Amino acid sequence: MMSNEWSGREIYTLSLTNKEVRIMFTNMVRTWFAGSDTVYNQFVKALLLGDLDAMNQYMNKVSLETFSSFDVGKRASDHSEPERFYHGFVLGLMSELLGKYHILSNRESGFGRYDVMLEPLQQGLDGIILEFKVFEPQKEKSLIDTVTRALEQIHFKNYAAALTAKGIPEEKIRKYGFAFEGKKVLIGEAAKGCCSDISES
């Protein structure tokens, strides 16, 4: 637990301890999409298909309709809080993949901790690694730089190690960097064996 010096609020790190808690968070995210379930389902479908353009399109539509400035922060000092919000939000979207994937968050692999890993439970599915970064204007010129930073972290910290240890070949592992700036989102995918193939919506 820590305190945010600007808001005076206490911030807690949470984990989903059991099935009931996971169901509660799944239902909460679904409520956010009341009236826009199509977009919700289309994002998950685009992820499964590896359709980067559609992922960008749907995520930006969802963020514009769903996120508030209170959620995503306005000041540089709020950096860690919106990153946790984005992380939780995307993790909630992934709940539809339960049964197809083992959904893991903030676990150790390689030389660090990845944000989200989707470990396939069915034959033929790709393993997927997601890394989230908030745009830092003092270090980066654009969201493309932020995505590149996320993809380089996946690569250089070898987050794929946990999947390859389970027998999933490198060519069956997809790596995505998510860059956020307020309600704007950019998703890039690492080229096989390297770092980035970024598509802007």
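Just above sits the structure.
All figures in this text were calculated on a predicted structure; none of them were measured in a lab.

Definitions and limits used
Residues numbered from 1 in each chain as written. Predicted model: local features only at pLDDT ≥ 70, side-chain atom pairs only at ≥ 80, totals over all residues. Heavy atoms only, no water. Core = buried A, V, L, I, M, F, W, Y, C linked by side-chain atoms within 4.5 Å. Buried < 20%, exposed > 50% of the residue type's maximum accessible area, 1.4 Å probe, protein only. Contact = heavy atoms within 4.5 Å. Salt bridge = Lys/Arg side-chain N within 4 Å of Asp/Glu carboxyl O. Helix = DSSP H or I, 4+ residues; strand = E, 2+ residues; numbered from the N terminus. Expected span 1.5 Å × (residues − 1).

1. Concerning the nonpolar core
Part 1 of the reasoning: Ranked by size, the top nonpolar core spans 31 residues in total, and within it Met-94 and Phe-178 carry the most contacts.
Part 2 of the reasoning: What Met-94 contacts, discounting residues up to four positions off in sequence, is Phe-43, Leu-47, Ile-103, Leu-118 and Leu-130.
Part 3 of the reasoning: Within the second largest apolar cluster, 17 residues are counted, among which are Met-117, Val-147, Tyr-159 and Leu-186.

2. Concerning the pattern of salt bridges
Part 1 of the reasoning: Going through the model one piece at a time under the given rule, you end up with 10 salt bridges.
Part 2 of the reasoning: Arg-174 is the partner of Asp-126 in a salt bridge, and the nearest nitrogen-oxygen pair spans 3.0 Å. Here Asp-126 is found in the loop between strand 6 (116–120) and strand 7 (127–134), whereas its partner Arg-174 is found in strand 8 (residues 173–181), with 48 residues between them in sequence. Here the two residues Asp-126 and Arg-174 agree in accessibility, since each one is buried.
Part 3 of the reasoning: Several salt bridges share partner residues, and in doing so they unite Glu-136, Lys-139, Glu-140 and Arg-149 into one network.

3. Notes on helix 6 (residues 143–156)
Part 1 of the reasoning: The terminal C-alpha atoms of helix 6 lie 20 Å apart, and with 14 residues this matches the ideal 20 Å at 1.5 Å per residue to within 8%.
Part 2 of the reasoning: Positive phi appears at Asn-158, one or two residues downstream of helix 6, with a value of about 55°.

4. A short note on the environment of Gly-112
Part 1 of the reasoning: Mapped onto the fold, Gly-112 is located in strand 5 (residues 112–113).
Part 2 of the reasoning: Classification of Gly-112 as buried rests on a relative accessible area of 19%.
Part 3 of the reasoning: Separated by 46 residues in sequence, Gly-112 and Asn-158 place their C-alpha atoms 8.0 Å apart.

Structural measurements only, silent on function.
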